[in-house]
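As a plain string of letters, each chain reads:
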Protein chains: 2
Amino acid sequence: MDSLRQFTHRLRRRDRRITGPRQAILETLRAQEHPLAIRQIHDALHEPCDLATVYRAMHMLEDMGMVKRFDFGDGTARFELIAEGDDGHHHHLICRNCATVVEIEECFSKKLEQRIANQNGFTALTHKLEFFGLCPTCQ
Amino acid sequence: MDSLRQFTHRLRRRDRRITGPRQAILETLRAQEHPLAIRQIHDALHEPCDLATVYRAMHMLEDMGMVKRFDFGDGTARFELIAEGDDGHHHHLICRNCATVVEIEECFSKKLEQRIANQNGFTALTHKLEFFGLCPTCQ
DNA sequence: TCCTTTTTGCAAATAATTTGCAACTACTAA
DNA sequence: TTAGTAGTTGCAAATTATTTGCAAAAAGGA
Ligand SMILES: [Mn+2]
Ligand SMILES: [Mn+2]
Ligand SMILES: [Zn+2]
Ligand SMILES: [Zn+2]
């Protein structure tokens, strides 16, 4: 996925600018397969920029649907680059001890969510789901 | 559920004290069926105490297994009183617009969690799951 | 009632995230 | 190429949730 080119296009269309920090952040995200915290992204940048700039960039990327925000329950947002056209919905398995992360593609059946929506008269359901456990090393 | 008496017993056993703030917090939690944020608990107390006291009390109650902490993804912890012996594991359906909360007892099959554990060599799995949608009023 | 240990209130410290603002820069229209 | 304009950035200060140090106050047992 050439997200850099794709990114450029999307930005231009929205009257946004392609700047050094933004490209660097994208490169950093591309190099990772797991969600990264803002601090981690910031620390990984070769040509550093202000932390606030990273925060602002992540909001922008999220609004553009290029990154997905995840919440592991530790009070720190984490972001993962998502493929073009994908909504990025998936889950993780996190070691309670060493914080190792495993990407999980599986999810429970759509029926459960549908039933919950119907039974309560809600629409447009989504969900947040993360698994926790002890990894092989930490058991 | 007479959580006050139960509470008293458990505290005594642990060399902890039964104080006004603690009883008041328990009473407040008992009056609610949905998770309450610390601020909400604090504001609901008839005889007010310091916010820090509420934070400390919630940690204690959590350690004692009397309340369960929930995370709706808005950066604010919420707590719900749980029945004796129960681990309090359950989920919620939250309106993205007005924040109405519905208690959800259903959960996906144990098999899915088991499979995820096995496939990755993890043990002691748990999960956090919350549903979001638009309530009848907000659609 | 007295003593010891636990709690509390208060203020200050943390930590993640946001925001105001002036200086700066990417694009673009000429 | 060169302004001109709108979008960006750095920096410092503000916000928000939560934690913590500490001395004064309260609880429970002897
Ligand atoms: Mn992922
Ligand atoms: Mn609940
Ligand atoms: Zn581990
Ligand atoms: Zn609603």
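Data block above holds the structure.
Residues numbered from 1 in each chain as written. Chains lettered and ligands numbered in written order. Predicted model: local features only at pLDDT ≥ 70, side-chain atom pairs only at ≥ 80, totals over all residues. Heavy atoms only, no water.

### Concerning the pattern of salt bridges
The condition that has to hold: One side-chain nitrogen of Lys or Arg within 4 Å of one carboxyl oxygen of Asp or Glu is enough to make a salt bridge. Residue burial is assigned from relative accessible area. The probe radius is 1.4 Å, only protein chains are included, and a residue is buried under 20% of its type maximum, exposed over 50%, and partly exposed in between. Helix and strand definitions follow DSSP, with helices as H or I runs of at least four residues and strands as E runs of at least two, each counted in order from the N terminus.
If you walk through the whole model with that rule in mind, you get ten salt bridges over all chains. A salt bridge links A:Arg69 to A:Glu62, with the shortest nitrogen-to-oxygen separation between them at 2.9 Å. Classification of A:Glu62 as partly exposed rests on a relative accessible area of 27%. For the salt bridge of B:Glu106 with A:Arg115, the shortest nitrogen-to-oxygen distance reads 1.9 Å. Residue B:Glu106 is located in the loop between strand 5 (101-104) and helix 5 (110-120), and its partner A:Arg115 is located in helix 5 (residues 110-120); the two belong to separate chains. Residue A:Arg115 is classed as partly exposed on the basis of its relative accessible area, which comes to 35%.

### Some thoughts on the sheet that holds strand 1 (residues 36-37) of chain A
All names here are of chain A. The cut-off we apply is this: A pair of strands is labelled paired if DSSP reports no fewer than 2 bridges between them. The contact criterion used is simple: two residues touch if any of their non-hydrogen atoms lie within 4.5 Å. Under this scheme, a helix contributes an axis fitted over its contacting stretch, all axes are lines through C-alpha atoms, and angles between N-to-C directions fall in the 0 to 180 degree range.
Pairing is antiparallel in the open sheet, where three strands are placed in the order 1-3-2. Only two strands of the sheet have a single partner each, and these edge strands are strand 1 and strand 2 (67-71). One ladder, built from two bridges, connects strand 1 with strand 3 (residues 77-81); its direction is antiparallel. Each bridged residue has a counterpart across the sheet, and for Leu36 the counterpart in strand 3 is Phe79. In the packing of helix 2 (residues 20-30) onto the sheet, contacts are made with strand 1, strand 2 and strand 3, and the angle to strand 3 comes to roughly 85°.

### A closer look at the pairing of strand 5 (residues 101-104) of chain A
Examined bridge by bridge, strand 4 (residues 91-95) of chain A and strand 5 of chain A share four bridges and lie antiparallel to one another. Residue A:His92 lies in a different strand from strand 5 of chain A, and its bridge partner there is A:Glu103.

### A word on the nonpolar core
Most often, soluble globular proteins have nonpolar side chains that are buried together. Where we set the bar: For our purposes a nonpolar core is just a set of buried Ala, Val, Leu, Ile, Met, Phe, Trp, Tyr and Cys residues, chained together by side-chain atoms within 4.5 Å.
Core analysis: the largest hydrophobic core is formed by 26 residues, its most contacted members being A:Leu93, A:Phe108, B:Leu93 and B:Phe108. The set of elements that each furnish at least two residues to this core consists of strand 4, strand 5, helix 5 and strand 6 (123-134) of chain A together with strand 4 (91-95), strand 5, helix 5 and strand 6 (123-134) of chain B. Filtering out sequence-adjacent residues up to four positions away, A:Leu93 remains in contact with A:Thr100, A:Val101, A:Val102, A:Ile104, A:Phe131, A:Phe132, A:Gly133, B:Ile116, B:Asn120, B:Phe122 and B:Leu125.

### What to know about the packing of helix 1 (residues 3-13) of chain B against helix 2 (residues 20-30) of chain B
All names here are of chain B. Counted only if it meets this: Helix crossings get a hand from a simple test, with the near helix turned counterclockwise from the far one by less than a right angle marking a left-handed crossing and a clockwise turn marking a right-handed one. Following the grouping adopted for this structure description, the nonpolar residues are Ala, Val, Leu, Ile, Met, Phe, Trp, Tyr, Cys and Pro, the charged ones are Asp, Glu, Lys and Arg, and the polar ones are all others, Gly among them.
Taken N-terminus to C-terminus, the directions of helix 1 and helix 2 make an angle of 145°; their axes are 10 Å apart at the nearest point. The handedness of the crossing between helix 1 and helix 2 comes out as right-handed. Only Arg22, Gln23, Leu26, Glu27 and Arg30 of helix 2 make contact with helix 1, whose side of the interface consists of Ser3, Leu4 and Phe7. Class assignment for the residues of the contact of helix 1 with helix 2 results in three nonpolar, two polar and three charged.

### Notes on the interface of chain B and chain A
The condition that has to hold: For any pair of parts, buried area is found by adding up, for both, the accessible area (1.4 Å probe) each one loses once the two are put together.
In this complex, chain B contributes 34 residues to the contact, which on the side of chain A involves 34 residues. Between chain B and chain A lies a buried interface of about 2,900 Å² when both sides are counted; carbon and sulfur atoms form 63% of it. When residues of chain B are sorted by the area they lose upon contact with chain A, B:Glu106, B:Phe122 and B:Phe131 head the list and together hold 21% of the total. At the junction of chain B with chain A, the criterion picks out two salt bridges. Residue assignment for the side of chain B that touches chain A shows that the elements contributing at least two residues are strand 4, strand 5, helix 5 and strand 6 of chain B. Counting residues per element, the side of chain B that touches chain A draws most heavily on strand 6 of chain B, which supplies twelve residues. The residue makeup of the side of chain B that touches chain A, split by class, is 18 nonpolar, nine polar and seven charged. As paired elements, strand 6 of chain A and strand 6 of chain B share nine bridges and run antiparallel to each other. Along strand 6 of chain B, the bridge assignment pairs A:Leu134 with B:Thr123.

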